[in-house]
Amino acid sequence: MLVAAALSLAQLAQASVPQHDPEIEALLRRRDEMRRAEAEQREQRPWIEQVPTERAGNDSTELAAVVPPAIAPRLATCLERANANPSEGIAAADAWAKADGGAYAAQCRGYALGQAGRWSDAAKAFEDGAAFKGLDAVTQARLWSQAGNAALIAGETPRALRALDAALLRPLPKTLATGEIYLDRARARVGANDLPGARTDLDQAIVLGAADPLAWLLSATLARRMDDLPLARLHIEEAASRARNDAAIALEQGIILALSGNDAGARAAFSRSKELAARDSDIARQATDYLAQLNGDPAPAAATTGAETGR
């Protein structure tokens, strides 16, 4: 591989990256977008974005799998009102709280506040919900993880870490839902510039969520950022084996292969990413820029902003 091309790719991948690491943030946002789209296709209902452990719409039958069946209908109604009109959702949650709605009224209030863009207030509502006595460990962890996600969106990384730490202090089953909490704490630890801590959490996440290609993608990306190219290559291959038609995975695979000195493999991966990505998307533009660099063409001026778009 040409030294100049290697330096250029490395600089493009690392350029202007602040401590909160927008690259990892963008990949995690993409995870949420993918899940929301899947839920909409399945139920034609909006996905509860800051409830990563539920992965479902607001339907009371689905909610009954994760909350007491007697509570599910009212919670579903409250969440649906928040979807339609956040202010009405907040009012419904407040009325429910006055009628001893407890932790679940707080959960609905947190969701409605998030729908209104009031993420710091949403974090407080979820924290209040988690503080109610008598909750089982899984419910407590779910509320704490929701608080952590809301705090992250609000830009309150230390608060998010405290919430996610509280979630993982509970004796939780070894499930995908628990893996999601580790994944979210990795996100918070990246925001706190604790990359070794994020590495530890991602190691847990890929054990508990091994079937999720995005977990492997995030792990590979973090390994690359920590200059562990052997681990990055191993984990991006795991991601690619599970999702051959994912443009973001192909793009990351190209970056890792290029930095590893495999020009031919990098070109193939970038070409596949460009073909798979939506036209004029950030991924398509980045793949085009990387291909130009590998071919020795001057990189477009806009390429230096790649990190700002999440790469």
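(A) Seen up close, the confidence of the model for the chain. In the predicted model, the chain carries a mean pLDDT of 81, and 75% of its residues have values of at least 70. For the stretch residues 1-21, pLDDT sits under 50, and the model shows 38 contacts to residues farther than four places along the chain or on other chains. Counted against residues more than four places away or in other chains, residues 299-311, with its pLDDT under 50, gives 25 contacts.

(B) Layout of the state of the cysteines. Counted by the stated rule, this structure contains one disulfide. At a sulfur-sulfur separation of 2.0 Å, the disulfide partner of Cys-78 is Cys-108. Negative torsions about the S-S bond denote left-handed disulfides, and the value of about -95° found for Cys-78 with Cys-108 makes this one left-handed. Residue Cys-78 is found in helix H4 (residues 72-84), and its partner Cys-108 is found in helix H6 (residues 102-115); the two are separated by 30 residues along the sequence.

(C) Summary view of the nonpolar core. Within the largest apolar cluster, 83 residues are counted, with the highest numbers of intra-cluster contacts made by Leu-75 and Phe-270. Not counting residues within four places of it along the chain, the set of residues in contact with Phe-270 comprises Leu-251, Gly-254, Ile-255, Ala-287, Tyr-290, Leu-291 and Leu-294.

(D) Broad picture of the environment of Ala-220. Inspection of the secondary structure assignment puts Ala-220 in helix H12 (residues 213-225). For Ala-220, a relative accessible area of 0% corresponds to the buried category. Put simply, Ala-220 and Arg-233 are 13 residues apart on the chain and 7.0 Å apart in space, counted from C-alpha to C-alpha.

(E) Highlighting the pattern of salt bridges. Evaluation of the coordinates by the stated rule reveals 13 salt bridges. Between Asp-121 and Arg-118 there is a salt bridge, with its nearest N and O atoms 3.1 Å apart. Exposure remark for Asp-121: the relative accessible area of 37% places this residue in the partly exposed category. What you see here is one network of salt bridges that share partners, running through Asp-165, Arg-185, Arg-189, Asp-194 and Asp-201.

Parameters and conventions
Residues numbered from 1 in each chain as written. Predicted model: local features only at pLDDT ≥ 70, side-chain atom pairs only at ≥ 80, totals over all residues. Heavy atoms only, no water. pLDDT = per-residue confidence, 0-100. Contact = heavy atoms within 4.5 Å. Disulfide = S-S within 2.5 Å. Helix = DSSP H or I, 4+ residues; strand = E, 2+ residues; numbered from the N terminus. Core = buried A, V, L, I, M, F, W, Y, C linked by side-chain atoms within 4.5 Å. Buried < 20%, exposed > 50% of the residue type's maximum accessible area, 1.4 Å probe, protein only. Salt bridge = Lys/Arg side-chain N within 4 Å of Asp/Glu carboxyl O.

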